[in-house]
Amino acid sequence: MRLAKPALTAALGLAAAALVTSPATAASAPTAPASASSYATYEKSGENAKANRAFYQAVMDSVAKKRAANPGAQSVTVVYDASAAPSFAQEIASSTQIWNSSVGNVQLQAGSSGADFSYREGNDSRGSYASTDGHGRGYIFIDYSQAQEYDPTRITAHETGHVLGLPDHYEGPCSELMSGGGPGPSCTNPNPDANERAEVESLWQNGLVKGLDKVS
């Protein structure tokens, strides 16, 4: 999320170098379990908000390039590659089913060819997050320790919410998916609420992405 914490149009530039954590950095991060307070510190930081925005921009840029070949489509398919997160295959599949049954203007689809974003797993003291690899491609990182402390399906569905344009709202109740880890580890709700579903539908209405300025 960064679950309490650990997401574009072609016209938008991507100052990725200043916003992202590279795969190499994530892989070399401390492996000792981090506390919920350390997760929260990062999740509520400006750095995390910028990483979420860069992720959303990267995914939308990828989608926009493919949509140019079919500009009249009334819905959008966003393709993801989950091969680098085998430990969370079930959670990713569940998150996909949750989102695909919650909204209609955008759908998620697994695939290794032409993926718009990917899932990764490993250890990072900051927890799980959505970011970019510095080359215009988005990825969701799922942290092992955080997934032991918080519900892993909620983590995955929350981070996937950034793919669809939703910002974090840690002050919200457990019923809000984008409240992430704000309600604490006891919250296991993996479903977006009515307002979150409506926001995603609005952003992707008629196959278009709107309101990027609303994403923090």
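In what follows, the structure referred to is the one given above.
Not measured: the values here are computed from a predicted model.

Moving on to the overall build of the protein. Across its full length, the protein holds 7 helices and 5 strands. Starting at the N terminus and walking to the C terminus, you meet the elements of the protein as α-α-α-β-α-β-β-β-β-α-α-α. Here the protein, with 216 residues, has 51% of them falling under the buried criterion. Approximately 8700 Å² of the protein is accessible, and the part contributed by carbon and sulfur atoms is 52%.

A separate point is the side chain of Thr156. Mapped onto the elements, Thr156 comes out in helix 6 (residues 152-163). The exposure class assigned to Thr156 is buried, which follows from its relative accessible area of 0%. What Thr156 contacts, discounting residues up to four positions off in sequence, is Glu91, Ile92, Ser95, Tyr119 and Ile142.

What follows covers the sheet that holds strand 3 (residues 117-122). Within a beta sheet, neighbouring strands are joined by backbone hydrogen bonds and run either parallel or antiparallel to one another. An order of 2-1-3-5-4 is seen for the 5 strands of this open sheet, with the pairing classed as mixed. A strand with exactly one partner marks an edge of an open sheet, and here the two such strands are strand 2 (106-110) and strand 4 (129-132). Strand-to-strand, the axes of this sheet are offset by a mean angle of 30°, without reference to chain direction. The pairing of strand 1 (residues 76-84) with strand 2 spans 5 bridges and is classified as parallel. Paired with Val78 across the bridge in strand 2 is Leu108.

What follows covers the nonpolar core. Nonpolar side chains tend to gather and get buried jointly when the protein is soluble and globular. Counting residues in hydrophobic clusters, the biggest one holds 32 residues, and the most contacted among them are Val78, Trp99, Phe117, Val163 and Trp204. Secondary-structure elements contributing two or more residues to this core are helix 3 (46-67), strand 1, helix 4 (89-102), strand 2, strand 3, strand 5 (138-143), helix 6 and helix 7 (194-203). Here the element with the most residues in this core is helix 3; it accounts for 5 residues.

Attention now moves to the state of the cysteines. What makes a disulfide is a covalent bond joining the sulfur atoms belonging to two cysteines. As enumerated under the stated definition, the model contains 1 disulfide in all. A sulfur-sulfur separation of 2.0 Å characterises the disulfide bridge that pairs Cys174 with Cys187. Given an S-S torsion of about 90°, the disulfide between Cys174 and Cys187 has right-handed geometry. Taken together, the residues Cys174 in the loop between helix 6 and helix 7 and Cys187 in the loop between helix 6 and helix 7 connect sequence positions 13 residues apart. When its relative accessible area of 28% is taken as the criterion, Cys174 is described as partly exposed.

With that settled, consider helix 6. Quick reminder: α-helices carry 3.6 residues per turn. Residues three or four places apart thus point the same way. If you check helix 6, its first and last C-alpha atoms are 17 Å apart, about what 12 residues at 1.5 Å a residue would give, namely 16 Å. For helix 6, a buried count of 12 out of 12 residues is recorded, marking the element as mostly surrounded by other parts of the structure. Within helix 6 the residues assigned to the buried category are Pro152, Thr153, Arg154, Ile155, Thr156, Ala157, His158, Glu159, Thr160, Gly161, His162 and Val163. Two or three places before Thr153, at the start of helix 6, stands the capping residue Asp151, its side-chain oxygen 3.3 Å from that residue's backbone nitrogen. Directly beyond the C-terminal end of helix 6, a positive phi value near 105° is found at Gly165.

Moving on, we get to the pairing of strand 1. Taken together, strand 1, helix 4 and strand 2 constitute a β-α-β crossover, and its handedness is right-handed. Across 3 bridges, strand 1 lies against strand 3 in parallel orientation. Looking at the pairing, Ala84 lines up with Arg120 of strand 3.

If you walk through the whole model with that rule in mind, you get 1 salt bridge. For Arg126, the salt bridge goes to Asp124, with nearest N and O atoms at 2.8 Å. You can call Arg126 buried: its relative accessible area is 17%.

Here is what the cut-offs are and how they apply
Residues numbered from 1 in each chain as written. Predicted model: local features only at pLDDT ≥ 70, side-chain atom pairs only at ≥ 80, totals over all residues. Heavy atoms only, no water. Helix = DSSP H or I, 4+ residues; strand = E, 2+ residues; numbered from the N terminus. Buried < 20%, exposed > 50% of the residue type's maximum accessible area, 1.4 Å probe, protein only. Areas by Shrake-Rupley, 256 points an atom, 1.4 Å probe, with all protein chains shown as cover. Contact = heavy atoms within 4.5 Å. Pairing = 2+ DSSP bridges. Axes fitted to C-alpha atoms, helices over the stretch in contact; angles between N-to-C directions. Core = buried A, V, L, I, M, F, W, Y, C linked by side-chain atoms within 4.5 Å. Disulfide = S-S within 2.5 Å. Expected span 1.5 Å × (residues − 1). Polar contact = N/O pair within 3.5 Å; in protein donor to acceptor, adjacent residues only side chain to side chain. Right-handed = clockwise from strand over helix to strand, strands pointing away. Salt bridge = Lys/Arg side-chain N within 4 Å of Asp/Glu carboxyl O.

Purely spatial values, then, with no claim about function.
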